[in-house]
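In case you want the letters, here they are:
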Amino acid sequence: MAKTRAPRNRTLSLDASEIEHYKSKLLHLDNPTNIEAILGRTIQSDILGVVEYLPSSFVDLLILDPPYNLDKSFHSNSFAQKTINEYSLWFEGWFVALIPLLKLDASIYICSDWQTSTAIHSVLDKYSIVRNRITWGREKGRGAKANWKNSMEDIWFCTMSDKYYFDVDAVKIRRKVIAPYKTNGEPKDWTESSSGNVRMTHPSNFWDDITVPFWSMPQNTDHPTQKPEKLIAKLILASSAPGAVIFDPCCGSGTTSVVAKKLGRHFVGVEMDEMYACLTEKRLELANDDKRIQGFSDGVFWERNSMPGRQILSEKL
């Protein structure tokens with residue numbers, strides 16, 4: 001992790017002493033355990049190595065960001081691209097193992113790209129109720145000379161039954177009003193404020209207000225597929241009540257755990273790579289004093305670049 005970075009680069013890293021410190025906080029399981037022993041912890045392991053030791057029916061919300069079907073290096077591990085059929089069988093093989101961990105009213109969000117989306121959907125349709133597909137735009141990504149630039153990803157929303165939690169008011173977006181219509185001289189479905197005319201709008205399944213972590217953002221790490229905190233915050237606020245248990249079996253550098261902590265939820269994360277698991281612990285420690293989430297303030301999701309009193313880009317508040 002010892003890289004020479006530009007002075008304004010705020011990417012989180014670990015020195016040798018920090019690695020030793022955070023290693024001591026990681027949990028290792030070799031026998032069945034109870035929920036109290038794992039809440040608020042990062043378990044260092046391949047999920048299939050510990051799934052049999054985890055308590056049954058403890059998860060209110062499962063957030064899963066599996067490796068996409070690409071040749072990709074994840075520090076000490078790598079993923080080799082498969083055929084779509086092979087990928088589907090691979091995903092199903094361990095997704096099925098997670099089902100006993102879920103409550104009957106649990107919700108599920110699974111991340112995917114366009115190549116893996118249909119394969120993942122076919123598996124989810126067997127074992128859950130598929131409710132929607134969220135598509136979100138990310139401005140990162142290289143252009144292609146003979147194809148369209150890939151700048152979208154999917155998130156499948158599923159539930160285990162017809163009884164599930166969903167709080168639409170918690171994820172409404174405050175947008176600028178371009179055409180401020182009035183009725184009898186009064187605003188119609190919008191509000192006048194010192195920061196401009198705004199309206200609270202229902203969230204759709206297309207999200208264009210997400211900023212992918214980059215070098216000047218304090219949430220950024222060297223994990224190659226890190227998800228934005230704002231993205232995960234929307235999932236958690238919509239599909240879990242305060243105090244619920246959020247589970248991420250491929251937690252990477254810990255975004256799900258960190259956001260769950262900031263939003264007053266319980267969490268359990270599993271990560272096989274020791275370095276990323278240590279980064280998770282560092283981010284969790286920082287979250288003790290810093291509860292901020294980029295693009296989310298005072299209980300409101302703001303349309304991109306519309307929050308009043310925005311700080312400089314490097315702060316991303």
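These numbers come from a predicted model, not from an experiment.

For the structure shown, the criterion picks out ten aromatic pairs. Summarising the aromatic geometry, the rings of Phe91 and Trp94 are spaced 5.8 Å apart at their centres and angled 75° between planes, so their arrangement reads as edge-to-face. With a gap of three residues between them, Phe91 and Trp94 both fall in helix 4 (residues 84–98), about one helical turn apart. Summarising the burial analysis for this pair, Phe91 and Trp94 share the class buried. Between Phe296 and Phe301 the ring centres are 4.5 Å apart and the planes differ by 45°, which places this aromatic pair in the tilted class. Each member of the pair, Phe296 as well as Phe301, carries the same accessibility label: buried. Here the aromatic cluster, defined as three or more aromatic residues joined through ring pairs, consists of Tyr87, Trp90, Phe91, Trp94, Phe95 and Tyr127. The ring of Trp207 carries the charged tip of Lys234 above its face, separated from the ring centre by 4.7 Å.

Attention shifts here to the side chain of Ser112. Note on placement: Ser112 falls in strand 5 (residues 102–112). Given the relative accessible area of 0%, Ser112 is considered buried. For Ser112, the residues in contact, after removing those within four places along its chain, are Tyr68, Ser117, Ile120, Glu153, Asp154 and Trp156.

What follows concerns the pairing of strand 5. A large share of strand 5 lies buried, amounting to eight of its eleven residues. Both strand 2 (residues 59–64) and strand 5 contribute to a ladder of five bridges, which runs parallel. Paired with Leu62 across the bridge in strand 5 is Ile108. As paired elements, strand 5 and strand 7 (residues 152–159) share six bridges and run antiparallel to each other. Note that in strand 7 the partner of Cys111 across the bridge is Ile155.

On the basis of which strands lie adjacent, the open sheet formed by eight strands has the order 1-15-14-2-5-7-6-13 and mixed pairing. Either end of the sheet is taken by a strand with one partner, and the two such strands are strand 1 (41–44) and strand 13 (206–207). Pairing of strand 2 with strand 14 (residues 245–248) involves two bridges; the strand directions are parallel. Among the inter-strand pairings, Leu62 is bridged to a residue of strand 14, identified as Phe247. On top of the sheet, helix 6 (residues 229–239) reaches strand 2, strand 5, strand 6 (129–137), strand 7, strand 13 and strand 14; it is set at about 155° to strand 2, its chief contact. On the sheet, helix 8 (residues 274–286) packs against strand 1 and strand 15 (266–271) and is oriented at approximately 175° with respect to strand 1.

The next subject is the nonpolar core. Ranked by internal contacts, the top residues of the largest apolar core, which has 45 residues, are Phe95, Leu98 and Phe247. With sequence-adjacent residues up to four places away left out, Leu98 is seen in contact with Ile47, Val51, Leu62, Leu64, Phe247 and Pro249. Membership of the second largest hydrophobic core comes to 33 residues, among which are Tyr109, Ala170, Val171 and Phe301.

Definitions and limits used
Residues numbered from 1 in each chain as written. Predicted model: local features only at pLDDT ≥ 70, side-chain atom pairs only at ≥ 80, totals over all residues. Heavy atoms only, no water. Phe/Tyr/Trp six-rings, centres within 6.5 Å; stacked < 30°, edge-to-face > 60°. Helix = DSSP H or I, 4+ residues; strand = E, 2+ residues; numbered from the N terminus. Buried < 20%, exposed > 50% of the residue type's maximum accessible area, 1.4 Å probe, protein only. Lys NZ or Arg CZ within 6 Å of the ring centre and 35° of its normal. Contact = heavy atoms within 4.5 Å. Pairing = 2+ DSSP bridges. Axes fitted to C-alpha atoms, helices over the stretch in contact; angles between N-to-C directions. Core = buried A, V, L, I, M, F, W, Y, C linked by side-chain atoms within 4.5 Å.

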